[in-house]
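Below are the chains, spelled out letter by letter.
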Number of protein chains: 6
Amino acid sequence: MVYLTRRERFNAAHKLWVSEWSDEENLQAFGKCANKNWHGHNYDLFVTVKGTPDPVTGFIIDVKKLSRVIRQAIIDKVDHSNLNLDVDFIPEGMQPTTENLAILFWRQLEPLLEQGQLHRIKLCETENIYAEYFGD
Amino acid sequence: MVYLTRRERFNAAHKLWVSEWSDEENLQAFGKCANKNWHGHNYDLFVTVKGTPDPVTGFIIDVKKLSRVIRQAIIDKVDHSNLNLDVDFIPEGMQPTTENLAILFWRQLEPLLEQGQLHRIKLCETENIYAEYFGD
Amino acid sequence: MVYLTRRERFNAAHKLWVSEWSDEENLQAFGKCANKNWHGHNYDLFVTVKGTPDPVTGFIIDVKKLSRVIRQAIIDKVDHSNLNLDVDFIPEGMQPTTENLAILFWRQLEPLLEQGQLHRIKLCETENIYAEYFGD
Amino acid sequence: MVYLTRRERFNAAHKLWVSEWSDEENLQAFGKCANKNWHGHNYDLFVTVKGTPDPVTGFIIDVKKLSRVIRQAIIDKVDHSNLNLDVDFIPEGMQPTTENLAILFWRQLEPLLEQGQLHRIKLCETENIYAEYFGD
Amino acid sequence: MVYLTRRERFNAAHKLWVSEWSDEENLQAFGKCANKNWHGHNYDLFVTVKGTPDPVTGFIIDVKKLSRVIRQAIIDKVDHSNLNLDVDFIPEGMQPTTENLAILFWRQLEPLLEQGQLHRIKLCETENIYAEYFGD
Amino acid sequence: MVYLTRRERFNAAHKLWVSEWSDEENLQAFGKCANKNWHGHNYDLFVTVKGTPDPVTGFIIDVKKLSRVIRQAIIDKVDHSNLNLDVDFIPEGMQPTTENLAILFWRQLEPLLEQGQLHRIKLCETENIYAEYFGD
């Protein structure tokens, strides 16, 4: 079993905001991330797939195909988007935290992978913060 | 003459949008950066100051003081902000491109520096794009 | 289960030196790291916590609180310190290798974490060397 | 159990090419990587060893010795080489993909490690692609 | 005057080899870089353009257009290539050193830039070596 | 004229401390950097040399020779050292700030360069702070 990882990148706006809460409660819970006018990030997404290299090609999965699937399933929908408003697979009212995004990206990508087996979603929000999800 | 550089970071949302233009014209000029619902970035700001090291302390400027001035003049106003809506020193209608931000940051910081002489503002929008401004 | 990682940084001096050994034995075992006058490093510390995201906030743990706990438990004690002399939780005579520091940092941090479960301490001494500890 | 990782680097040329296939089949499978005149990469190799720190030295393994073993077993043979032509431990006709190289590096290094236990080979081909192997 | 920099990347094989010299002379001058079977690198290319931001768009040059011009002039010709054999604008017999490539890339790109003025070509061969050219 | 840059790295301990001052004055001026027991850093040193590429070799200077000269002039003396105590070319009582070190490294290296002309010393103390010196 070998693990192959592909990085893709996207830029997006978001805010953390619970609509049932008062402004004070949101500020208390989320600090500057609760700015009503949004803020944003450059996200680094690392997708890891596991499998056995094909004896002829040496590939678990053609990394160019993997890149295309990640783009179709995730990047094309989130790049230059507002994560609270624009993305069909992020449920309304769910906070677009790094943790939640990692889970949602897994669920979005996993059914579309035809070769290899999804092992890990790693999402970096800043150089100091990242989340990882390995499936249910 | 020695040059001392301090990096600070901030996260912000923005869009590129000329209000006098139609949607098509904005899309034509700015592509995905014209998304009405905003997108965002992790910005890396490098401030370079030049001067002669103090013969006793060996400092051009105490880098902790430099960090405080950069934060007061720039970071506290732009971090977790919307660059089109929230920042008092960005004129309404001016596009918050990397180029324009580098100029505005210079003008914001230069009058507040008490030691050393401002030499360069370098602003990185992504790992692939940055702008530099050396004054007028 | 989602894994959330926070990076913190510190700078410190240390040396590797077994006081029961002769100078030659220390030089033999530790090379340049046995310089009696110390040397030092910029350390990168990555702390990984695992848990289930809160259904309302989307947080395993508020990453700002995690940062505060790491600072209180570890960074405030080791930053700009001498790891052989200044740190109360490093036993006298224990070598401050990357391996030992990773274990000590785990033991220092684990009892103070109120949310999430400590999963990993990763400590980078240089761009070429790091140690990881996952608990006993 | 603590995990210690050492990075080494090498530069090499390679191509992906199945000699039993036509030019069109190779181009179809490998795209630009099938250029007959070769292309190349800067590779980053991360070797992770696990063990218990020695109670006196604090070392799982002396990282300088680990570096020497990695160089003898792998780097001296692949650095500034052609991975398809020059390396005795890469079987003729086996594609030098990141996946295959990770497995071959494990087999090359594992018997030579006298201290610690090999845990992981991680090989980065570009900033966007890496493979990991944890043994059979 | 503002300076805007765009990074592009490519992978290539090359060797340093003076055909008029003996094997010993080549080995003496170029060491491992003289391997007859080639070696290779991941190159990072930074192109800096200077100009005055357009008062409406805030652009010196649309960075997407800049990226396209760099790709047409340089990247499409050198990516996944052999720099000694495959590239029409590298004269036969000229060593593909980082220094020479920086000059050749300038001459290749400069006539094609329609907006802004080319200021600098920076080419990184490894994390430890880069060359810069600012024109004649 | 082409500019060639080589990176070398070293690790060292230091403190900022004016012996004529009281403890309070030192703490006031230097903060945590005045810890009597020292602290330390991983330093990144970038040396830039300018010249015209040799028409046959394509080299301004053989980068391996440049590396050797940098090591002899600087790295061998400062690596794993105490910058306040161990380095013959750092005058006693001169603060080993990044600014002062950049000047001293220039003076140390410049007379030993036989090919090319020294253009810049860039010294990074942390990922957030660096100094540059271009000569007198």
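I will try to describe carefully the structure that is included in this document. Since the structure is predicted, the reported quantities are computational estimates derived from the model, not experimental observations.

### What about the overall build of chain A?
Here comes step 1: Each helix and strand in chain A was counted, giving three helices and five strands.
Here comes step 2: Reading chain A from its N terminus to its C terminus gives the helix and strand order β-α-β-α-β-α-β-β.
Here comes step 3: Over its C-alpha atoms, taken along the principal directions, chain A stretches across nearly 60 × 25 × 20 Å.
Here comes step 4: Taken across its 136 residues, chain A has 65% of its residues classed as buried.
Here comes step 5: Of the contacts formed within chain A by residues at least 6 apart in sequence, a portion of 67% connects residues at least 24 apart.

### What to know about the arrangement of the chains
Here comes step 1: The smallest C-alpha distance separating chain B from chain C is 14 Å, and no contact links them.
Here comes step 2: One thing to see here is that chain D and chain F don't touch, and their nearest C-alpha atoms sit 14 Å from each other.

### Description of the packing of aromatic side chains
The description of an aromatic ring pair rests on the distance of the ring centres and on the angle between the ring planes.
All names here are of chain D.
Here comes step 1: Tallying each qualifying case throughout the model produces 42 aromatic pairs over all chains.
Here comes step 2: Between Phe10 and Tyr43, the ring centres sit 4.8 Å apart and the planes meet at 10 degrees, which makes this aromatic pair stacked. Within this pair, whereas Phe10 is found in strand 1 (residues 2-14), its partner Tyr43 is found in strand 2 (residues 39-51), the two being separated by 33 residues in sequence. The same class applies to Phe10 and to Tyr43, which are both buried.

### Points about the side chain of C:Lys15
Residues and elements named next belong to chain C.
Here comes step 1: Position of Lys15 relative to the elements: it lies in the loop between strand 1 (2-14) and helix 1 (23-30).
Here comes step 2: It turns out Lys15 is buried and unbridged, and the closest side chain with the opposite charge, Asp23, is 9.1 Å from it.
Here comes step 3: Residues within four places of Lys15 in sequence aside, it is in contact with Cys33, Asn35, Lys36, Trp38, His39, Asn84, Gln95 and Pro96.

### Let's talk about the interface of chain A and chain C
Frequently, the measure chosen for interface size is the accessible area removed from exposure when the parts meet.
Here comes step 1: Between chain A and chain C, the contact holds 19 residues from the first and 19 residues from the second.
Here comes step 2: Summed over the three residues of chain A that lose the most area to chain C, namely A:Glu99, A:Asn128 and A:Tyr130, the buried surface amounts to 37% of that side.
Here comes step 3: Remark: the boundary between chain A and chain C carries one salt bridge.
Here comes step 4: At the junction of chain A and chain C, the tally comes to seven residue pairs in polar contact (both at pLDDT 80 or more).
Here comes step 5: Elements represented by at least two residues in the side of chain A that touches chain C include exactly helix 1 (23-30), helix 3 (98-109) and strand 5 (129-133) of chain A.
Here comes step 6: Looking at the side of chain A that touches chain C element by element, the count peaks at five residues for strand 5 of chain A.
Here comes step 7: A per-class count over the side of chain A that touches chain C returns twelve nonpolar, four polar and three charged.

### With respect to the relation of the copies chain A and chain C
The relation between the two copies of this chain is a rotation about an axis and a shift parallel to it.
Here comes step 1: Of the transformation superimposing chain A on chain C, the axial component is 0.0 Å and the angular component is 120 degrees, with the fit at an RMSD of 0.0 Å. The superposition of one copy onto the other is thereby described by a three-fold rotation axis. When C-alpha distances to the rotation axis are compared across chain A, the minimum falls at A:Glu127, with a value of 8.8 Å.

### What about the relation of the copies chain A and chain B?
Here comes step 1: Note on the identical chains: chain A maps onto chain B by a rotation of 180 degrees and an axial translation of 0.0 Å, with an RMSD of 0.0 Å. Each copy turns onto its partner about a two-fold axis.
Here comes step 2: Looking at chain A, 100% of its interface residues are interface residues in chain B too, so the copies touch through the same face.

### Remarks on the packing of helix 2 (residues 63-78) of chain F against helix 3 (residues 98-109) of chain F
All names here are of chain F.
Here comes step 1: Direction vectors running N to C along helix 2 and helix 3 enclose 135 degrees, while the axes themselves pass 9 Å from each other. In terms of their interaxial angle, helix 2 and helix 3 are classed as oblique. Of the two elements, helix 2 crosses helix 3, and the hand of that crossing is right-handed. Residue-level contacts link Val69, Ile70, Ala73, Ile74, Lys77 and Val78 of helix 2 to Phe105, Gln108 and Leu109 of helix 3.
Here comes step 2: Classifying every residue of the contact of helix 2 with helix 3 by side-chain character gives seven nonpolar, one polar and one charged.

### With respect to the interface of chain A and chain B
Here comes step 1: With 24 residues of chain A at the contact, the number on the chain B side is 24 residues.
Here comes step 2: Counting each side, the surface lost to burial between chain A and chain B is near 1900 Å², with a carbon and sulfur contribution of 41%.
Here comes step 3: Its largest share of buried area at the contact with chain B, chain A owes to A:Asn37, A:Asn42 and A:His80, together 28% of the area lost on that side.
Here comes step 4: For the pair chain A and chain B, the interface holds six salt bridges.
Here comes step 5: For B:Lys32, the salt bridge identified is with A:Asp79, shortest N-O distance 2.6 Å.
Here comes step 6: There are 21 residue pairs in polar contact (both at pLDDT 80 or more) connecting chain A and chain B.
Here comes step 7: Contributions of two or more residues to the side of chain A that touches chain B are made by strand 1 (2-14), strand 2 (39-51), strand 3 (81-82) and strand 4 (117-126) of chain A.
Here comes step 8: For the side of chain A that touches chain B, the element with the highest residue contribution is strand 1 of chain A, accounting for five residues.
Here comes step 9: Across the side of chain A that touches chain B, the residue classes break down as five nonpolar, twelve polar and seven charged.

Criteria and thresholds
Residues numbered from 1 in each chain as written. Chains lettered and ligands numbered in written order. Predicted model: local features only at pLDDT ≥ 70, side-chain atom pairs only at ≥ 80, totals over all residues. Heavy atoms only, no water. Helix = DSSP H or I, 4+ residues; strand = E, 2+ residues; numbered from the N terminus. Buried < 20%, exposed > 50% of the residue type's maximum accessible area, 1.4 Å probe, protein only. Contact = heavy atoms within 4.5 Å. Phe/Tyr/Trp six-rings, centres within 6.5 Å; stacked < 30°, edge-to-face > 60°. Lys, Arg positive; Asp, Glu negative; His and termini not counted. Salt bridge = Lys/Arg side-chain N within 4 Å of Asp/Glu carboxyl O. Buried area = accessible area lost by both parts, 1.4 Å probe. Polar contact = N/O pair within 3.5 Å; in protein donor to acceptor, adjacent residues only side chain to side chain. Nonpolar A, V, L, I, M, F, W, Y, C, P; charged D, E, K, R; others polar. Least-squares fit on C-alpha atoms with pLDDT ≥ 70 in both. Axes fitted to C-alpha atoms, helices over the stretch in contact; angles between N-to-C directions. Parallel < 35°, antiparallel > 145°, perpendicular 65-115°, else oblique. Left-handed = near helix turned anticlockwise from the far one by under 90°.

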